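# Analysis of the macromolecular model
Residues per chain, in single letters:
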Amino acid sequence: MTNTTAVEQVDIAIVGGAMVGATLALGLAHIALQAKRPLKIALIEAHRPNNDHPGFDARSIAISHGSIFELKKLQIWPHIAALASKINHIHISERGNFGMTELSRDDFQLPYLGQVVELEAVGQQLFNQLAKSDIQLYCPASLHEVEAQANQQLLTLDTGQQIAAKLLVAADGLNSKVRQAFKQPLEQVDFQQTAIITNIQTEQPHQGWAFERFTQTGPLALLPMSNRHGENRLSMVWALSPQEAEHLLKVPKAEFIEKLQSAFGYRAGRFMDIGERFSYPLMLSYMPRPIYHRTVFLGNAAQTLHPIAGQGFNLGLRDVVSLLQVIKQSLSHSDSTVDVGLSQVTHDYLARRNADRDSTMTSIELLVRGFSNDYWPLVIGRNLGLRLLSWFPPLKAPVARRAMGWVKS
């Protein structure tokens, strides 16, 4: 990319080219091709995906069955499918109590409940597809400032490049520069927990099992990862008190593995090794109104969730799909040049997202608080609830639909 003082005119500028931003850019290119209506799209991202992180330490996310269904429709999934590891079964339990249940793909006649991918590897594949498209990719580059104008948003990058966009999309994460530039409010609920994330090498293969175990300190989730160099791997997220997390980040590997094995048990076999440990505070952060003048906020820029149900990217992808639907509708209804930044577009998007955002955030907050409370009637109630799911399989269907974004294909 070269520095220039010329203002680049585009229909849509996306700030943030990670999973949500890159997916949106490719999705926009796809619907523009379908509608036979040209869209000029700019994508601004500070970092290009690379191999700096070795496979054992690569961060992973779970993509639900419903999200994969949408990625297939956008013709994105075929490019990343080979990198994924299937979730065939989910085991849910509470340490020290009788509550336990299992969800299986066979219960819902599905090929899988979801799949797990490593972010760096997927990012490289998405960037390969961006390079083959007409999308204008500014990378490495970051937003320096943005000026709201009547008929456009004027972006200035740290390179000096200026971009005038009819619609600005902020997909730049929790600390969104776009949100800060426009001084838009952000609400936060602090769960008083810290997550430790790492990857685990296990003695036995995971066979497509994912685990959610509720401990006294918070939920402990293990996700199946692809086999690399003969290593059986699981991706771990463990919610702890800030003090306990700080302690466990510093202890030797052997001591950490011992504590982890004690908290989780041996249902996934013996833990042999762990990768590098990272941590981040757990809270619910959300914009009450994720739109602004000619601007839409998506993914973690709009809301950041507790990882208890693995819904972060899945909710962000539903943001993407809703925006694509609104823009596609706008393209189909116009006989001339389309202004995709009109208030009707942003408000239609908001109307589509409100109910899903609110219900997802509320259910996750209730789940976190419900399983982080030692009040004995609540302990008994939630354990009976888990047992009822095991005793009466028909009750599992709404749980799976909600938790895994189930779409029957």
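As a starting point, this report considers the structure included with it. Computed from a predicted structure; not experimentally measured. (Residues numbered from 1 in each chain as written. Predicted model: local features only at pLDDT ≥ 70, side-chain atom pairs only at ≥ 80, totals over all residues. Heavy atoms only, no water.)

## What about the layout of surface pockets?
Roughly 420 Å³ of volume is contained in the second largest pocket. If you go around the second largest pocket, you meet 17 residues; those closest to its centre are Leu26, Ala29, His30, Leu33 and Ser133. If one sorts the elements of the lining of the second largest pocket by residue count, helix α1 (residues 19-35) sits on top with five residues. Looking at side-chain class alone, the lining of the second largest pocket contains 10 nonpolar, five polar and two charged residues. (1 Å grid on protein atoms, 1.4 Å probe; cavity = no way out; pocket = protein on both sides within 12 Å on 5 of 7 lines; lining within 4 Å. Points joined across faces, edges and corners; volume = space filled by probe spheres on them. Helix = DSSP H or I, 4+ residues; strand = E, 2+ residues; numbered from the N terminus. Nonpolar A, V, L, I, M, F, W, Y, C, P; charged D, E, K, R; others polar.)

## Brief notes about helix α4 (residues 119-131)
An ideal rise of 1.5 Å per residue puts 18 Å on 13 residues; α4 measures up with 18 Å between its terminal C-alpha atoms. Those residues of α4 that are buried are in contact with α1, β2 (41-44), α3 (77-80), β7 (114-118) and β8 (136-138). (Expected span 1.5 Å × (residues − 1). Contact = heavy atoms within 4.5 Å.)

## Details of the nonpolar core
Counting 51 residues, the largest nonpolar core has Ile12, Ile14, Leu24, Leu28, Ile63, Leu298 and Ile327 as the members making the most contacts within it. Beyond its immediate sequence surroundings of up to four residues, Ile12 is in contact with Leu28, Leu39, Lys40, Ile41, Ala42, Ala165, Leu167, Val169, Ile327 and Val340. Judged by nonpolar contacts, the second largest core, of 21 residues, contains Ala42, Leu143, Leu155 and Met287. (Core = buried A, V, L, I, M, F, W, Y, C linked by side-chain atoms within 4.5 Å. Buried < 20%, exposed > 50% of the residue type's maximum accessible area, 1.4 Å probe, protein only.)

## Structural notes on the pairing of strand β17 (residues 278-286)
Bridging between strand β12 (residues 187-202) and β17 involves nine bridges; their strand directions are antiparallel. Residue pairing across strands places Asp190 opposite Met283, the latter belonging to β17. Summarising the sheet, β17 and strand β20 (residues 303-304) pair through two bridges and their orientation is antiparallel. Note that in β20 the partner of Tyr286 across the bridge is Gln303. (Pairing = 2+ DSSP bridges.)

## Quick word on the pattern of salt bridges
In total, this model carries 11 salt bridges according to the counting rule given. For Asp273, the salt bridge is made with Lys253, and the minimal N-O distance between the two is 3.2 Å. Of this pair, Asp273 sits in strand β16 (residues 271-274) while Lys253 sits in helix α7 (residues 253-264), and the two are 20 residues apart along the sequence. You can call Asp273 partly exposed: its relative accessible area is 25%. Between Arg318 and Asp356 there is a salt bridge, with the nearest N and O atoms lying 2.6 Å from each other. Here the residue Arg318 occupies a position in helix α8 (residues 312-332), and Asp356 occupies one in helix α9 (residues 343-370), the gap between them amounting to 38 residues. Looking at Asp356, the relative accessible area reads 16%, which means it is buried. Where salt bridges share partners, they join Arg318, Asp319, Arg353 and Asp356 into one cluster. (Salt bridge = Lys/Arg side-chain N within 4 Å of Asp/Glu carboxyl O.)

## Observations concerning the sheet that holds strand β4 (residues 85-87)
Across the sheet, three strands lie side by side as β3-β7-β4; this open sheet has antiparallel pairing. Lying at the two open borders of the sheet, with one neighbouring strand each, are β3 (60-64) and β4. The mean angle between the axes of side-by-side strands here comes to 30°, regardless of whether they run parallel or antiparallel. Bridging between β3 and β7 involves five bridges; their strand directions are antiparallel. Counted as the bridge partner of Ser60 is Glu118 from β7. (Axes fitted to C-alpha atoms, helices over the stretch in contact; angles between N-to-C directions.)

## Examining the packing of aromatic side chains
Across all of its chains, the model carries five aromatic pairs by this definition. Seen from their ring centres, Trp238 and Phe256 are 6.0 Å apart, and the 70° between their planes marks the pair as edge-to-face. A residue pair is termed long-range when its members are at least 10 positions apart, and Trp238 in strand β15 (residues 232-240) and Phe256 in helix α7 qualify at 18 residues. Per residue, the accessibility class of Trp238 equals that of Phe256, and both read buried. Taken together, the ring pairs connect Trp209, Phe211, Phe264 and Phe271 into an aromatic cluster. (Phe/Tyr/Trp six-rings, centres within 6.5 Å; stacked < 30°, edge-to-face > 60°.)

## A closer look at the pairing of strand β1 (residues 7-15)
Note: β1 against strand β11 (residues 162-170), eight bridges, orientation parallel. Residue pairing for β11: Ile14 is matched across the bridge by Val169. Note on the crossover from β1 through α1 to β2: the handedness is right-handed. (Right-handed = clockwise from strand over helix to strand, strands pointing away.)

## What to know about unusual backbone geometry
The omega torsion of the bond from Cys139 to Pro140 falls at 0°, within 30 degrees of zero and hence cis. Relative to the elements of secondary structure, Pro140 occurs in the loop between β8 and β9 (143-149). For Gln207, which is not glycine, the phi torsion reads 55° and is therefore positive. Backbone geometry places Arg294, a non-glycine residue, at a positive phi of 55°. Mapping Arg294 onto the fold places it in the loop between β18 (291-292) and β19 (295-297).

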